[in-house]
Amino acid sequence: MCMAICYRRPRSAGHLARMMGDPIQLKDEGNKHFQAGDIDKAIECYTSAIKVCKDKKVLAVIHRNRSACYLKKENYTSAASDASKAIDVDAADIKALYRRCQALEKLGKLDMAFKDVQRCATLEPKNKTFLETLRRLGADIQAKLKTTFSTDSRVQNMFDILLDDEMEKDKREKAANNLIVLSREDAGAERIFQNNGVPLLLNMIETGKPEMILAAIRTLSGMCTGHKARAMAIVHMVGVDKMCSIMAVDNEEIALAACNLFQCINDSLTGGDKREYGKEEALVLDASKDLKTILLSLLEMVANKKVSGHGRDQALNLLSKNVPRKDKKEKDNTRTLFTIDNGLKKILKVCGQVPELPDQLPLTDNTQLIASVLLNKIYDDLKCDPERNNFRDICDEYIKSKIDPNDMDKTIHAINTISGLLQGPFDVGNALVGHQGIMEMMVALCGSEREVDQMVAVEALIHSSSKMSRASFIITNGVSLLKDIYKKTKNERIKIRALVGLCKLGSAGGDDYSLRQFAEGSTEKLAKQCRKWLCNPQIDTKTRNWAIEGLAYLTNDADVKDDFVEDEMAMKAMFELAKSKDKTILYAVACTLVNCTNCYEKKEIIPELVQLAKFSKQHVPEQHPKDKKDFIEKRVKRLLKAGVISALAVMVKADNSILTDQTKEMLSRVVLALSADPRDRGVIVAQGGGKALIPLALEGTDAGKVKASHALAKIAAISNPEIAFPGERVYEVVRPLVSLLHTDREGMQNYEALKGLTNLAGFSEKLRVKIVKENALPDIENYMFEEHDELRQAATECMCNLVTCKEVQDRYMEDGNDKMKLLVLLCGEDDDNLQIAAAGALAMLTAAQKKLCTKLTQVTTQWLEILQRLCLHTNSRIQHRGLVVVYNMLNSDNSELSKKLIESELLEILSVIGKAADNPKRQDAIDVARTCLVKAMDLGLIKPFTSPS
């Protein structure tokens, strides 16, 4: 076996050199790789040589050479380090000095770079490169000094304006904005910090004026972003307690700004700073103490009565974002365990609050749902049964401590806490509902005289019936119980909650037509009542939100879907509620839209298995007649007409934990379903759908990101990128489209991603460079080999738009690949569209790089025949491109190639086309043919001919 392996993979000379440990041979091999442009292999050889080299002078040369490699790779820190090691051996090593100068300049250390090039100029006073670099660096240093001094004075001037009570409001606003912008640049942030900026920003906060506090907090956020040392210094100078007190104020904008400050600090302290601190690193390395202090302070805020509802929301959001592991592959979940030990009961306290009772914590409409989402994330982050058991035990202990038959307020707090758990980690909540006496207590509360008791109990019943397979008590007794409450109560708020419970139980069969829970027409009646409440502006928003909850369940029924989309008032009412500040409704709206567009995950129905199920008398799901394609298309049109996209665009912007990954996935599915018809995509773009898809494509579940990326591809393929994705957003579209090129994606996703990238590549050079940087070229090239005609055509069209990019041209210039050969052979295919794309790419490449004209003749013996076929083609666009390639070859400065072309049948072809009468339909081709003949005359290959009159 070993002999076979040796035979298949013979050792190279370089490999033998490494085996023998010869540093000179390794150095020479590295030099060859460097000259060939293979920098990675050159670095590998030089590194191997350094490990075995004993001669100091040779070692210095190798370090100097590796420094040149690192310069090419833009690894300037390593380039400067290697050059320094060469200089340590020979202080007059002019190459090493200049390379270190280049590296230091790129690292921003201009004064040190200046000293190195000054030494070079002393050693070689007549070297123009050194003198020019010396002059340029001198000018740059002077400009930097000037900027630094002017920045210092500007910073001080801004603070003077901001802290002057008599200054005009417009000037103070302008100064605040300038300060925020300056803090977002590293140099500007450092100048603010060095110029006593933090104490002055604290003075601004102490004024108590909202606009001053906002400006100060946003400036601090900019200063903390991506800089660990500065972030730690600011934490100690401002104090965690002070930052928490700012976030605790009853001002949504200030609470959000303070939340962003905490997030910037957390990101910088946990790896957001990529700087190399060197000797300073020991001073800023350990941030664990600060992070622990921040975590404890946030947990303290959760159940603090002095904290506003907005502040509590942001504290919960920060915990939700930073406590659970971002990747389950990470082993360390100590933050989660610490949170459970020190804060789980505080989070449960928030879930149990009943706003209608006295002495409750300040809450917003979103607070309790955010707390439930946090509980779910924490529980999901636990790794083993003992950890999960501890979580359940704490919850169990908390509920038991609150249940008191003599204190109804404490008891309904316990029931409401269970509701919160049922909306979060359902298994934990469901286990608590199963405990002896809990369900009976909920039923008893339903019959209480106090409306608040009834409301809390009904909500708990609704949440406990979420998973039908685990809620047998509710299924058995729920319908009659809820019907009884619905009929007897006069309170609309309780009535609608009872109705939602009935809706939930009635939709247990999902979209299976054969599993309808209620009698024919009952679900439509329930839905009609929900729509009636939804459209009634006299009812409070929270109650109307419950109407949407009911529809989220009932729209599993196709009759209800059809009735709902026919009711334009109900749809618009739902969209308006979706745009409101109360984000608890996002999931229900998303569910309703998924049901109406039938874009939920569908199991593939295999006919053979259906027959087998019928034969064995097993249940077979049935599709409702109104769930067929034409009905779905009509519903989509009605939703678009009612303004669904503008609602979705607002929902996507919800910047808190309520917009869960599952909700994002549902929104992605909805937009994909809405963009199925190309004629509707203009409406989607006009209402902001293109912009809304970008965050959905970048964050969320894998399935959600793929769906959003596919919808983006559909829009990008046929829309003007400047309109669909205005400003810098267009560059964010590239990565999601490139992700769809992977071979594990569906063929339609591959195809539409290629079409989208083709459109983007034709828009601007910056977009072409972005596509190349996202490493899309290998995938696009693979699809050019694809057997599927449409995929191959789309890939070739995409490449045609990319070849004007220098990096793409360089790939075609490289030896040892078949890229050029493939393009030439594609020009010989029978498909007109494929030929147009391939010939277009060939024409642009040969125009941009003259060497490719010669390479074209070397890749295949059929090149001349294919070129002649292009020039004779009946399609004028193909013919035009073929003739441009011929002109480029004549203009390539290769006299032998020009002579070969003219000696072939191409001269006759050019003559026939060139002598033809002017024809608007083929004029481009005729003009190029004439230009080719003129070029041939200029080269002395043919004599002049008389052009037609």
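Use the structure listed above.
Residues numbered from 1 in each chain as written. Predicted model: local features only at pLDDT ≥ 70, side-chain atom pairs only at ≥ 80, totals over all residues. Heavy atoms only, no water.

*Asks:* Is there a simple way to explain the pattern of salt bridges in this structure?
*Replies:* Side-chain pairing between opposite charges can occur once the charged atoms of the two side chains come close. Per the counting criterion, the structure on display carries 46 salt bridges. The residue R66 makes a salt bridge to D82 at a minimum N-O spacing of 2.5 Å. Placement of R66 in helix α5 (residues 56-72) and of D82 in helix α6 (residues 76-89) is noted, with a sequence separation of 16 residues between them. Across the pair, exposure class does not vary: R66 and D82 are buried alike. Of the charged contacts in the structure, one is a salt bridge between D385 and R388, with a shortest N-O distance of 3.5 Å. One end of the pair, D385, and the other, R388, are both in helix α22 (residues 385-402), 3 residues apart, so they sit about a helical turn from each other. Several salt bridges converge on common partners, so that one network encompasses K637, D677, R679 and D680. (Salt bridge = Lys/Arg side-chain N within 4 Å of Asp/Glu carboxyl O. Helix = DSSP H or I, 4+ residues; strand = E, 2+ residues; numbered from the N terminus. Buried < 20%, exposed > 50% of the residue type's maximum accessible area, 1.4 Å probe, protein only.)

*Asks:* Help me out: how do you make sense of the nonpolar core in this one?
*Replies:* Proteins that are soluble and globular tend to have nonpolar side chains buried together. With 263 residues, the main nonpolar core has M247, F391, L534, L648, L674 and Y812 as its most contacted residues. Here the element with the most residues in this core is helix α16 (residues 252-272); it accounts for 10 residues. With 34 residues, the next largest nonpolar core counts L26, I50, A79 and A86 among its residues. (Core = buried A, V, L, I, M, F, W, Y, C linked by side-chain atoms within 4.5 Å.)

*Asks:* What am I meant to see in the packing of aromatic side chains here?
*Replies:* Aromatic rings in a pair are described by how distant their centres are and how their planes are angled relative to each other. Throughout the structure, instances matching the rule amount to 2 aromatic pairs. A ring pair is formed by Y98 and F130, whose centres lie 5.2 Å apart and whose planes are at 50 degrees; its orientation type is tilted. On the criterion of sequence distance, the pair formed by Y98 in helix α7 (residues 94-106) and F130 in helix α9 (residues 128-162) is long-range, its members being 32 residues apart. Taking the relative accessible area as the measure of exposure, F130 reaches 6% and is therefore buried. We note K634 situated over the ring of F631; from NZ or CZ to the ring centre the distance is 5.7 Å. (Phe/Tyr/Trp six-rings, centres within 6.5 Å; stacked < 30°, edge-to-face > 60°. Lys NZ or Arg CZ within 6 Å of the ring centre and 35° of its normal.)

*Asks:* Looking at this structure, I do not really get the environment of S372. What am I missing?
*Replies:* For S372, the position within the fold is in helix α21 (residues 367-380). By relative accessible area, S372 is classed as buried at 1%. Along the sequence, S372 and I347 sit 25 residues apart, while their C-alpha atoms lie 8.4 Å from each other.

*Asks:* It is not clear to me how the packing of helix α20 (residues 334-351) against α22 should be interpreted in this structure. Could you clarify?
*Replies:* Pairs of packed helices are described in terms of their axes, by the angle between the two and the distance that separates them. Between α20 and α22, the shortest axis-to-axis distance is 10 Å and the interhelical angle comes to 30 degrees. As judged from the angle between their axes, α20 and α22 are roughly parallel. Note that α20 runs across α22; the crossing there is right-handed. Contacts between α20 and α22 involve L337, I340, D341, L344, K345, L348 and K349 on the former and, on the latter, E387, N390, F391, I394, C395, E397 and Y398. Among the residues making up the contact of α20 with α22, the classes are represented as 8 nonpolar, 1 polar and 5 charged. (Axes fitted to C-alpha atoms, helices over the stretch in contact; angles between N-to-C directions. Parallel < 35°, antiparallel > 145°, perpendicular 65-115°, else oblique. Left-handed = near helix turned anticlockwise from the far one by under 90°. Contact = heavy atoms within 4.5 Å. Nonpolar A, V, L, I, M, F, W, Y, C, P; charged D, E, K, R; others polar.)

*Asks:* Can you help me understand unusual backbone geometry in this one?
*Replies:* Residues other than glycine predominantly adopt negative phi, and peptide bonds predominantly adopt the trans conformation. Phi is positive for D359, which is not a glycine, with a value near 60 degrees. Owing to a relative accessible area of 63%, D359 belongs among the exposed residues under this scheme. In the Ramachandran plot, N598 falls in the positive-phi region, its phi being about 55 degrees despite a non-glycine side chain. Within the fold, N598 resides in the loop between α33 (586-597) and α34 (607-615).

*Asks:* Looking at this structure, how should I read the packing of helix α29 (residues 522-534) against helix α31 (residues 558-566)?
*Replies:* Running from N to C, α29 and α31 cross one another at 30 degrees; their axes reach a closest spacing of 9 Å. In terms of orientation, α29 and α31 fall into the roughly parallel class. The interaxial crossing formed by α29 with α31 has right-handed handedness. On the side of α29, the interface is formed by T523, E524, A527, R531 and L534, while α31 contributes D559, V560, D563 and F564. In terms of residue class, the contact of α29 with α31 is built from 4 nonpolar, 1 polar and 4 charged.

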